[in-house]
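# Per-entry structural report
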Amino acid sequence: MRSLLFLLALGFAAAEDGSAAWLRYAPVPGASNYRSLPSAIVALNSSTSSPVFVASQELQKGVKGILGKQLSLANGTNKASSSIIVGTADAYKEAYGNFDEADELEDDGYFLSTKGKNVMIIGQNPRGALYGAFEYLSRLGQGKFSPVSYVSNPHAPIRWVNEWNNMDGSIERGYAGLSFFFRNGLVVENVTRAAEYARILASLGINGIIINNVNANATLLSTRNIDGIGRIADAMRPYGVQVGISLNFASPQTFGGLSTFDPLNPAVDAWWANITDQIYKRVPDMAGYLVKANSEGQPGPLTYNRTLADGANMFARAAKPHRGVVMFRAFVYDNHINESNWKNDRANAAVEFFKDLDGKFDENVVVQIKFGPIDFQVREPPSPLFSTLRNTSTAVELQVQPEYLGQNCHLVYLAPQWKEILEFDMRADNKGSKVKDIISGERFKRPLGGSAGVVNVGTNATWLGHHLSMSNLYAYGQLAWDPSQEPDEILQDWIRLTFGFDRHVMNTIVDMSMKSWPAYENYSGNLGIQTLTDILYTHFGPNPATQDGNGWGQWTRADGFSVGMDRTAKNGTGNAGQYAPAIAQMFENIDTTPDNLLLWFHHVNYTHPLKSGKTVIQHFYDAHYEGAATAQTFVPMWEALKGKIDDQRFNEVLFRQVFQAGHSLVWRDAISRFYHNKSGIADRHNRVDNYRYRIEAEKMTLDGYKTYAVSPFHTASGSMAIITTSNNSVGTATTTIPFSSGTYNVAVNYFDLIGGKSKYELSINNRTIGTWSGDLEDKLGHAPSIYLDGHSATRITFKDIKVNKGDTLKIVGTANGIEPAPVDYVSFLPHGIID
Ligand code: GCU
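What you see is a predicted model; the values in this text were computed from it and never measured.

## Focus on the site of the ligand
- As a matter of local geometry, the ligand sits amid 13 residues, with E172, K292, R329, K370 and E403 nearest to it.
- Here an oxygen atom of the ligand sits 2.5 Å away from a polar atom, N or O, in the side chain of E403.
- Along the lines of polarity and charge, the residues of the shell around the ligand split into 3 nonpolar, 2 polar and 8 charged.

Put into structure tokens, the structure is as follows:
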């Protein structure tokens, strides 16, 4: 009976909400062939709060789930004839004498052997043992049963995540619900989810977490909140995840009551030493601090004409007695620079601020560098700071939650982007200097270094909002541990653990995910021009005009004839010259600059020919149409998996894929129209602004609706939309269908604003085709908009609708709140047409 139930469980996966991530421990086909499983788990020298104890529990649970076998659990030495032995190297030696591999183990590393009669999972330290246990379970969960024996050590000591959680419970750039650390200015009482998250992090070998926003609030330092930090640390400690916090540089003054926050003032120094002692008293193993100073309005040492190193070292002195690390962010720049000066460049800021400080940071300071010189754009070269700092420990900052890449409402698998950065050879001193070897400390012989991933998980059951985006968190951890891994292989492991073994499921998710970054780059901003989103508002939908004409320095310098940033040393901002000579030369020269970074480094005419032979402008058009076309294919690809994935995850992913397909068209239309309008150069294929299957809402007969000029103009088809004549009223738009009789997919583009949930009904000859509500703010987590624009523009599609020429099309919109039931257009799409 038990095996029957087990088989049933294999075939009929229950609905899943994603909360188990890749730690589902689902039954594995062929598990009955795995005969050599020990009958007991032996946890060496473990107290219940130790990661070794957690490892033993996890092993018991995992083996039960994956193989259907209940193992007994012993705390002590081996009693059974064969066991899974988990513990530290020291404990193993104490219990059994010899342990040959001990010398090969580095901090947090583990030895895993399934070759002998016992399974050995031996960590260099307790959390190393836990990492080994998760690795063993991952192998079992993927049906990798062949005997192995190996040591695995992490590539770098710092493998942290950053969570931009605010004290009020919101999350800056978070797209998956609220904070589970803070609410109403206080640390929450219930830290269950914090522990669940620590489990997920530990399964990736992540050993540190910064729990609050880099734009930090000093009230985190109140006595009550320090105790709260302790509560979170207590919940995460059994998983080996050390908690750290972001600090606000001005705290001594704004919170401590001092008259100054000058880092060289002894009273300020003493204040930080004292508060640090208090925190470490409650959290003796705290990871350390993260500091954003003199950036985007945050206070810092420059206020007092002190250097950034003076500022960082003040925290380093306070943390040093406690073995704390200070992650000091290199994201320092002036956001009021003048675009009319051709030489000005935000991308130069990090090197300009930090180069003279190299070697001046205390040993426990790590400079945390965003992967590119600007800000997590869809494509950037690596920051030149990586090869500038030789006597300073560094870490790379990556964004797991893609603020500029669709905010987890678009599928964008990021590992290929990270991999390009990590493998990039900076050629410092003309020697091999891959970013991954710089941040590990190996290249410049630094004691510390590693990576920080901005994750921003929230209360949403899926953690990140999109089930498929969890591959990014998984890949982040995998690459932090071992950057030599390949993105597609990481993905396959993740799919097996998350969705099981169906080949069709595997091939589809691999195919979609590997196409997703190129597709997004194509329809959002290509040739190195950056993500052409609205940088002044949500960072979500298209608005290329916002890049220029302000002090933020994410410029494209687009005018009627030309586009791109001239970052050459000979004529431009000199940014190319910040790289080591071999790289500088490559970027300085337009012929050796790869096309995908052309506009990052060079200002060219729209008619400039690329290596492909196309002009820049034609490439823009083609890429946007191709990228959006690729996003359309994700929908039928996913639909074909129905029945092969539990309904809940199937439907939730489908919902986002449909949204992405629609929104990619918004991107495509807006960007190609913007540059068409700017350059006046026609698309060779005559696609821009030429959508023959559309009926513009503003051209319909309106009753209770009025026309509305959308801004920016290119985010509405024909620049116009319709809105109800007043709040909370009903509007009707009618027209005669001009297309020939047949079966169509009918798509309605409308605007879904936050602040109201309009209702819509679409009918043909008074037969209702569909009803819906403008309530995506409850269903998608991206930054919302209160305007009709590229962020709120949305498409809904009704499939296979029979239509006769001359039928009456009617939309009835009922406004709600501030949302005036806005409609842009209706498309009648013959089979296979994207319009
Ligand atoms: C980006 C992001 C901000 C964030 C900042 C940072 O600019 O939009 O929300 O505070 O980066 O990394 O500090």
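## So, helix α8 (residues 266-282)
- With 17 residues, α8 ought to run about 24 Å at 1.5 Å a step, and its terminal C-alpha atoms sit 25 Å apart, in line with that.
- Looking at the buried positions of α8, the neighbouring elements they touch are α6 (223-236), β11 (242-247), α7 (251-254), β12 (288-291) and α9 (308-319).
- Measuring from the side-chain oxygen of the N-cap residue of α8 to the backbone nitrogen of A267 gives 2.8 Å; that N-cap residue is N265.

## Regarding the sheet that holds strand β1 (residues 40-43)
- If you trace the 6 strands from one edge of the open sheet to the other, you get β2-β1-β3-β5-β4-β6, paired in mixed fashion. The strands lining the two open edges of the sheet, one partner per strand, are β2 (72-75) and β6 (149-152). Taken pair by pair, the neighbouring strands of this sheet meet at an average axis angle of 15°, ignoring direction.
- Of the strands in this sheet, β1, β3 (83-88) and β5 (119-123) are in contact with helix α3 (residues 89-96), which crosses β3 at around 120°.

## With respect to the packing of aromatic side chains
- Per the counting criterion, the structure on display carries 44 aromatic pairs.
- A ring pair is formed by Y744 and F828, whose centres lie 5.9 Å apart and whose planes are at 85°; its orientation type is edge-to-face. You can see Y744 sitting in strand β24 (residues 742-751) and its partner F828 sitting in strand β29 (residues 823-829), a full 84 residues away along the chain.
- According to the relative accessible area criterion, Y744 is buried, its value standing at 7%.
- Joined through ring pairs, the aromatic side chains of F249, F261, W271, W272, Y289, Y304 and F315 make up one cluster.

## Some words on unusual backbone geometry
- With omega at 0°, the peptide bond leading from S711 into P712 counts as cis.
- Looking at where P712 falls in the secondary structure, it is placed in the loop between β21 (705-709) and β22 (720-724).
- One non-glycine residue, N408, lies in positive phi territory at about 60°.
- Locating N408 in the fold gives a position in the loop between β15 (393-399) and α12 (415-423).
- Take N408: its relative accessible area is 2%, and that puts it in the buried class.
- A positive phi angle is found at D800, which is not glycine, with a value near 50°.
- Examined against the element boundaries, D800 turns out to sit in strand β27 (residues 793-803).
- Since its relative accessible area comes to 57%, D800 is described here as exposed.

## A look at the side chain of E380
- Among the structural elements, E380 can be located in the loop between β14 (365-370) and α11 (385-388).
- Buried charge E380 goes without a salt bridge, the closest partner of opposite sign being R346 at 7.5 Å.
- Here D375 takes part through its backbone nitrogen, which lies 3.0 Å from a polar atom of the side chain of E380.
- A polar contact is formed between the side chain of E380 and the backbone nitrogen of F376, at a distance of 3.1 Å.
- Excluding its chain neighbours within four sequence positions, the residues that come into contact with E380 are F371, G372, P373, I374, D375, I421, L597 and W600.

## Focus: the UniProt feature "active site" (unreviewed entry) in the protein
- When the UniProt feature table is mapped to this numbering, "active site" (unreviewed entry) covers E296, D375 and E403.
- Tracing the chain through its elements places E296 in the loop between β12 and α9.
- With relative accessibility at 29%, the residue E296 sits in the partly exposed group.
- Each residue touching E296, except ones within four places of it in the same chain, is listed here: F331, Y333, N335 and W552.

## Some details on the packing of α8 against α9
- Running from N to C, α8 and α9 point in directions that differ by 45°, and their axes come no closer than 8 Å. With respect to α9, the axis of α8 lies oblique. Here the hand of the crossing between α8 and α9 comes out right-handed. Where α8 approaches α9, its residues V268, D269, W272, A273 and T276 are matched on the opposing element by M314, F315, R317, A318 and A319.
- Residue composition of the contact of α8 with α9, grouped by class: 7 nonpolar, 1 polar and 2 charged.

Calculation criteria
Residues numbered from 1 in each chain as written. Predicted model: local features only at pLDDT ≥ 70, side-chain atom pairs only at ≥ 80, totals over all residues. Heavy atoms only, no water. Near = heavy atom within 4 Å. Polar contact = N/O pair within 3.5 Å; in protein donor to acceptor, adjacent residues only side chain to side chain. Nonpolar A, V, L, I, M, F, W, Y, C, P; charged D, E, K, R; others polar. Helix = DSSP H or I, 4+ residues; strand = E, 2+ residues; numbered from the N terminus. Expected span 1.5 Å × (residues − 1). Contact = heavy atoms within 4.5 Å. Pairing = 2+ DSSP bridges. Axes fitted to C-alpha atoms, helices over the stretch in contact; angles between N-to-C directions. Phe/Tyr/Trp six-rings, centres within 6.5 Å; stacked < 30°, edge-to-face > 60°. Buried < 20%, exposed > 50% of the residue type's maximum accessible area, 1.4 Å probe, protein only. Lys, Arg positive; Asp, Glu negative; His and termini not counted. Salt bridge = Lys/Arg side-chain N within 4 Å of Asp/Glu carboxyl O. UniProt positions renumbered as here; feature names shortened; annotations may be inferred. Parallel < 35°, antiparallel > 145°, perpendicular 65-115°, else oblique. Left-handed = near helix turned anticlockwise from the far one by under 90°.

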